[in-house]
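Coordinate analysis (summary)
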Amino acid sequence: LEGKLAAAQEKLAINEQLRGANEAKDEAMRLAERHRSTLAMTSHDLRQPLASLKLALQDAGNLPSDAEDKLKSGIEYLDSVLGDVLLQTNPNSETQDNFSEDDYAASLETVPLQIILDNLHRMFSAEASEKSLVFQVGQTNLVVDARVVSLIRVLSNLVANAIKYTDTGSVSVNAEREGSFVTVTIADTGPGMNAETLIRIMAPYQRDNDTTTGEGVGLSIVASKARAQRWTFEAISTP
């Protein structure tokens, strides 16, 4: 009888643990769905003012050409990112960041890399100038097969981080061929960080302890996008 009682008590404890785990799972799923819906609605709402900005830009005929190029690049980038977010937050969509073999291949575009690098220069040159940083973007004739929106998001996040956390010196973007692959390197003269911090800030909402700005999501976006696109992402830094 004592053995049966102990077994019954153990079974009851396991059932309680399972019930708690199921409740936690259900709550996590509710939170995830709420966040997905909020993100989808926010992205949807932002696309209309972006469309209005596009039309306003077309009517603004007296803008300097460089200013017009910067505005166009920024608006097109935001529009492409929001479109990407809307697609991925659709629960009926099979197109996610983790593509199947067929979807991944179908999503690739052949694009001259210089177009992407020039776009980066237009997007961030003013911000670098405000901090008196030298912002250099190299010239290349390399052509890549990539999902363009993901490539722009990855490089934009890295350049934005480099400029944000560099107070003096320079930020540079360069590309070179390595066999059948291309390596794009973003380098800066910022304060740097140790190996432990570098690993920690790859997680979402993590920042350098000495930093009070930023949301701490840029590098996690880069890492997840790189994995999804089968790119190799490597970060090297020293204090």
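Residues numbered from 1 in each chain as written. Predicted model: local features only at pLDDT ≥ 70, side-chain atom pairs only at ≥ 80, totals over all residues. Heavy atoms only, no water.

A few points about the pattern of salt bridges
As enumerated under the stated definition, the model contains 4 salt bridges in all. For Arg 30, the salt bridge goes to Glu 27, with nearest N and O atoms at 2.6 Å. One end of the pair, Arg 30, and the other, Glu 27, are both in helix α1 (residues 2-59), 3 residues apart, so they sit about a helical turn from each other. For Lys 131, the salt bridge identified is with Asp 167, shortest N-O distance 3.8 Å. Separated by 36 residues along the polypeptide, Lys 131 in the loop between α4 (113-130) and β2 (134-137) and Asp 167 in the loop between α5 (148-164) and β4 (170-178) bring together distant segments of the chain. In this structure Lys 131 comes out as partly exposed when scored by relative accessible area, which is 26%. For Asp 167, a relative accessible area of 57% corresponds to the exposed category. Several salt bridges converge on common partners, so that one network encompasses Glu 16, Arg 19 and Glu 23. (Salt bridge = Lys/Arg side-chain N within 4 Å of Asp/Glu carboxyl O. Helix = DSSP H or I, 4+ residues; strand = E, 2+ residues; numbered from the N terminus. Buried < 20%, exposed > 50% of the residue type's maximum accessible area, 1.4 Å probe, protein only.)

Observations concerning α5
The end-to-end C-alpha separation of α5 is 24 Å, in line with the 24 Å expected for 17 residues at 1.5 Å each. The element α5 is extensively covered by neighbouring structure, given that 14 of its 17 residues are classed as buried. (Expected span 1.5 Å × (residues − 1).)

Some remarks on the sheet that holds β2
On the basis of which strands lie adjacent, the open sheet formed by 3 strands has the order β2-β4-β5 and mixed pairing. Looking at the sheet topology across the chains shown, the edges are occupied by β2 and β5 (181-188). Along the sheet, successive strands turn relative to each other by an average axial angle of 15°, direction set aside. Contacts from α4 reach β2, β4 and β5 within the one sheet, and its direction differs from that of β2 by about 170°. (Pairing = 2+ DSSP bridges. Axes fitted to C-alpha atoms, helices over the stretch in contact; angles between N-to-C directions. Contact = heavy atoms within 4.5 Å.)

A short note on the confidence of the model for the protein chain
Confidence along the protein chain averages 79 in pLDDT terms, with 69% of residues attaining 70 or more. Here residues 95-102 scores under 50 on pLDDT; set against residues more than four positions off or in separate chains, the count is 18 contacts. (pLDDT = per-residue confidence, 0-100.)

Considering unusual backbone geometry
Although it is not a glycine, Ser 132 sits at a positive phi angle of roughly 60°. Within the fold, Ser 132 resides in the loop between α4 and β2. According to the relative accessible area criterion, Ser 132 is exposed, its value standing at 62%. Within the chain, Arg 230 stands out as a residue other than glycine whose phi angle is a positive 65°. Among the structural elements, Arg 230 can be located in the segment after α7 (218-229). Judged by its relative accessible area of 41%, Arg 230 is partly exposed.

A few points about the nonpolar core
Counting residues in each nonpolar core, the largest one holds 23 residues, and the members touching the most others are Ile 116, Leu 120, Phe 135, Leu 151, Val 159, Ile 163 and Val 173. At 7 residues, α5 tops the list of elements feeding residues into this core. In contact with Ile 163, not counting residues within four places along its chain, are Phe 124, Glu 127, Ala 128, Lys 131, Leu 133 and Val 171. By size, the runner-up hydrophobic cluster in this structure holds 7 residues, among which are Val 154, Met 193, Leu 198 and Leu 219. (Core = buried A, V, L, I, M, F, W, Y, C linked by side-chain atoms within 4.5 Å.)

Here we look at the packing of α4 against α5
Put simply, α4 and α5 touch, their axes get as near as 10 Å, and they point 30° apart. For the pair α4 and α5, the sense of crossing is right-handed. Residue-level contacts link Leu 113, Ile 116, Asn 119, Leu 120, Met 123, Phe 124, Glu 127 and Ala 128 of α4 to Val 148, Leu 151, Ile 152, Leu 155, Ser 156, Val 159, Ala 160 and Ile 163 of α5. Within the contact of α4 with α5, the residues separate by chemical class into 13 nonpolar, 2 polar and 1 charged. (Left-handed = near helix turned anticlockwise from the far one by under 90°. Nonpolar A, V, L, I, M, F, W, Y, C, P; charged D, E, K, R; others polar.)

Considerations on α4
With 18 residues, α4 ought to run about 26 Å at 1.5 Å a step, and its terminal C-alpha atoms sit 26 Å apart, in line with that. Buried residues of α4: Leu 113, Gln 114, Ile 116, Leu 117, Asn 119, Leu 120, Phe 124, Ser 125 and Ala 128, and no others. Of the residues flanking the end of α4, it is Ser 132, one or two places downstream, whose phi is positive at about 60°.

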